[in-house]
Amino acid sequence: MSKIKTIEFKDEKLFLLDQRKLPTDYEFFVCETFEDVDFAIKDMVVRGAPAIGAAAAYGVVLAARQFMKYDKEDFIKRMYEACNVLYNSRPTAVNLMWAIKRMRKVLEENRSLETEEIYEKLREEADSIFKEDLSTNKKIAEFGNSIVPQKAIILTHCNTGALATTGYGTALGVIREAFYSGKDIFVYADETRPRLQGARLTAWELAQEGIPSKLIADSVAATLIRDGKIDLILVGADRIASNGDTANKIGTFMLSVIAKVYGVPFYIVAPTTTIDFDIESGKEIKIEERSAEEVTHISGVRIAPEGIDVYNPAFDVTPGENITGIITEKGIVKKPFKENILKLRE
Ligand code: MRU
């Protein structure tokens, strides 16, 4: 089990391992208010779809603590406003909206209680969201391991590990499981421009575990795939539409196209909380655009000329047809996705 503590709620505060600073500094960003959590999600102190969801749930708990001093009506009104702020802190990963909806339901169902009791109920719900994600990851990892060949050379993109979840990880969780189960695997990790989640976070997690791996520039992946050096591609997801179209870190779509051309299995690894059953296709997924500075600068150092225009979408959508299967805690979903994804709702 990974020892990395990405998110911890203690002493009425939310401690987030500051992912902006890894791997050089290991520091915690302490949230005392829901506004702190909103900032932490926007600025990517915490990132990765399931981790954002869990952090936002604790943001609602902090809001309840902040507003307990107000009378009931005011408390409820402020709580809904806080939920709204957190709901909108990042637009693409649906786990965030899913977690806030769960918290809002608890608020609704318990609005007749004293504010202190509502706080307790919200705290219990956030703890459940946290714990469920951890156990879900373990189940995903076990299903996922079943498709990993004994000596697989695996390519992964972005960070989908303990840092992106409440522990263990999704795609990186499958990699962990394969390694722990004694398979002789090797991992290529894309650096994942522009935020470098692969170089800064995945490489750090792989090194901590001692999993044999190499870090590559994103543009190396195509050559490795063409040369038959990749057996399997495992990536995460931020939102999966009912037809299997999947939004994930920018660059995922490009990998899927190359994988299809060269016949390399391409799997999405995600909990069912990442499925948006309300949307029919990827066309309905809102893709976050982030600041120009993420592209023009690396670690605060300018690498592009002043005044250059930048297009910086944080995610792209991989069409379901490019995906071999979707590994979830309920099993591995195969085509036809439209039919088989719906079965997960039951
Ligand atoms: O912008 P990020 O770092 O939040 O993007 C993260 C990803 O795209 C991950 O692949 C995805 O959230 C799955 S994490 C288990």
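Residues numbered from 1 in each chain as written. Predicted model: local features only at pLDDT ≥ 70, side-chain atom pairs only at ≥ 80, totals over all residues.

- The protein appears in an unreviewed UniProt entry as Methylthioribose-1-phosphate isomerase from Biomaibacter acetigenes.
- What UniProt states about the protein under its Function (unreviewed entry) heading is, verbatim, "Catalyzes the interconversion of methylthioribose-1-phosphate (MTR-1-P) into methylthioribulose-1-phosphate (MTRu-1-P)."
- Checking UniProt for the protein, the heading Pathway (unreviewed entry) contains the comment "Amino-acid biosynthesis; L-methionine biosynthesis via salvage pathway; L-methionine from S-methyl-5-thio-alpha-D-ribose 1-phosphate: step 1/6." (UniProt positions renumbered as here; feature names shortened; annotations may be inferred.)

**Remarks on unusual backbone geometry**
- With an omega of 5 degrees, the peptide bond between Leu22 and Pro23 qualifies as cis.
- Of note, Pro23 is situated in the loop between β2 (13-17) and β3 (28-31).
- One non-glycine residue, Glu12, lies in positive phi territory at about 65 degrees.
- With respect to the element layout, Glu12 can be found in the loop between β1 (7-10) and β2.
- What makes Glu12 exposed here is the crowd of 11 C-beta atoms within 10 Å.
- For Leu196, which is not glycine, the phi dihedral falls at a positive 60 degrees. (Helix = DSSP H or I, 4+ residues; strand = E, 2+ residues; numbered from the N terminus. Buried ≥ 20, exposed ≤ 12 C-beta atoms within 10 Å, placed from the backbone.)

**Considering the UniProt feature "binding site: substrate" (unreviewed entry) in the protein**
- Taking the UniProt record as the reference, the feature "binding site: substrate" (unreviewed entry) is found at Arg47, Gly48, Ala49, Arg90, Gln197, Asn248 and Lys249.
- Note that Ala49 resides in helix α2 (residues 49-67).
- A count of 28 C-beta atoms within 10 Å places Ala49 in the buried class.
- Ala49 has contacts with Ala93, Asn95, Ala237, Asp238 and Thr274, leaving out every residue within four places of it along the chain. (Contact = placed C-beta atoms within 7 Å.)

**Quick notes on the site of the ligand**
- Not every one of the 17 residues close to the ligand is listed here, only the nearest: Arg47, Ala49, Ala164, Gly236 and Lys249.
- Breaking the shell around the ligand down by element, the ones donating at least two residues are α2 and β9 (246-249).
- Tallied by class, the residues present in the shell around the ligand amount to 7 nonpolar, 7 polar and 3 charged.
- Of the domains in this structure, domain 1 (7-138) and domain 2 (143-343) are the two that each give at least three residues to the shell around the ligand. (Near = placed C-beta within 6 Å. Nonpolar A, V, L, I, M, F, W, Y, C, P; charged D, E, K, R; others polar. Domains from an automatic or database assignment.)

**Some remarks on the sheet that holds strand β16 (residues 331-333)**
- What the 7 strands build is an open sheet, ordered β6-β5-β4-β7-β10-β15-β16; its pairing is mixed. What marks the edges here is a single partner per strand, and that holds for β6 (213-216) and β16. Here the average twist between neighbouring strands, direction ignored, is 25 degrees.
- Across 3 bridges, strand β15 (residues 325-328) lies against β16 in antiparallel orientation. Its bridge partner lying in β16, Ile326 is registered against Val333.
- Contacting β10 (266-269), β15 and β16, helix α5 (residues 115-145) crosses the sheet at an angle of about 140 degrees to β15.
- The strands that helix α7 (residues 197-209) touches are β4 (153-156), β5 (186-190) and β6; relative to β5, the one it contacts most, it runs at about 160 degrees. (Pairing = 2+ DSSP bridges. Axes fitted to C-alpha atoms, helices over the stretch in contact; angles between N-to-C directions.)

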